[in-house]
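# Secondary and tertiary structure notes
Chain by chain, the residues:
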Amino acid sequence: MKPHALLSALLLIAADLQAAEFPAVLDWSGQVALAMPVTGVVETVAAKPGQRLKRGELMAGLNQTVYKAGVAEARAELDRLGEEEAEAKRDLERVQELYARTVSATTELDAARLRHARAASGLAMAQARLEKARRQLAESELRAPFDAVVLARMAEPGLVAATPCQPNPLFNVARDDEILARATLDAEQAARVRLGGKAVVEAAGGSRTGEVRGLGHLGQGKYALEVAIGRDGRLLAGQPATIRLP
């Protein structure tokens, strides 16, 4: 190959490589504001900004007096209606036996069946009320929905955590196991990108292979490229990065 042809080929290769590298910035993945689904006053706060949490780890808790009382009340009602259902069932079995011996009338059997059906229905409703009360008691504790890093804490003891119309966010969190590298591409560059494809992200002095997670249209011929990579404690939102596409 002639020298000028070799030089041209090298320049084309260099330009191609340059076009496949994009300056990027790291950003949090899965950001979400967490609020209590039930109303109450915050009593305990266990999580702090910057803390890394495992899924299910306690973050904050409401005063549980009302919710524990609700469980106890629902359980007592369930026990009472359970006794009524058992008594109605015994009465039905007795009337069925008498009816089989032609001692009892059809109207009496129908009445016994109706009493048992009502008792069984009341028992089922009581079971549902107990499950609801237990659910509300569980929801009076806010726990990490996934492995998370706490970005901000608004919760403090004494804060009313929720109102019937407007829940108050208590924490902002993001995924702890993953972080995003974001870059801006033009239309020609975006045409080379495939969702789900592999990309290499260089950040914090290391290289990590990630997955192309998103390619959103920003308007005016610009596209937002998102590459998800595994996160360790060295990677934080706002750090500069470079995305390399194959």
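Here's a quick rundown of the structure. Computed from a prediction, not measured in an experiment: that's the story for all the values here.

Bringing the sheet that holds strand β9 (residues 178-186) into the picture now. Around the barrel, six strands lie side by side as β1-β9-β12-β11-β10-β13; this closed barrel has antiparallel pairing. Taken over all neighbouring pairs, the strand axes of this sheet differ in orientation by 40° on average, direction set aside. As paired elements, strand β10 (residues 198-203) and strand β13 (residues 240-244) share four bridges and run antiparallel to each other. Pairing of Ala203 across the sheet is with Ala241, part of β13.

Counting through the fold element by element, His116 comes out in helix α3 (residues 106-139). Polar side-chain contacts of His116 include one of 3.0 Å to the side chain of Glu85. Once residues lying within four places of it in the same chain are set aside, the contact partners of His116 are Glu85, Ala88, Lys89 and Leu92.

Phi at Ala204 is positive, roughly 50°, even though this residue is not glycine. Take Ala204: it is sitting in the loop between β10 and β11 (206-219). Backbone geometry at Gln220 places phi at a positive 55°, although glycine is not the residue there. Considering the arrangement of structural elements, one finds Gln220 in the loop between β11 and β12 (222-230). You can call Gln220 exposed: its relative accessible area is 82%.

The next thing to look at is the environment of Ser29. Turning to its location among the elements, Ser29 is positioned in the loop between β1 (21-28) and β2 (32-35). Separated by 152 residues in sequence, Ser29 and Ala181 have C-alpha atoms that sit 9.4 Å apart. Filtering out sequence-adjacent residues up to four positions away, Ser29 remains in contact with Ala174, Arg175, Glu178, Ile179 and Leu180. Here the side chain of Ser29 touches Glu178 through a polar contact of 2.7 Å, side chain to side chain.

Thresholds, definitions, all that
- Residues numbered from 1 in each chain as written.
- Predicted model: local features only at pLDDT ≥ 70, side-chain atom pairs only at ≥ 80, totals over all residues.
- Heavy atoms only, no water.
- Pairing = 2+ DSSP bridges.
- Helix = DSSP H or I, 4+ residues; strand = E, 2+ residues; numbered from the N terminus.
- Axes fitted to C-alpha atoms, helices over the stretch in contact; angles between N-to-C directions.
- Polar contact = N/O pair within 3.5 Å; in protein donor to acceptor, adjacent residues only side chain to side chain.
- Contact = heavy atoms within 4.5 Å.
- Buried < 20%, exposed > 50% of the residue type's maximum accessible area, 1.4 Å probe, protein only.

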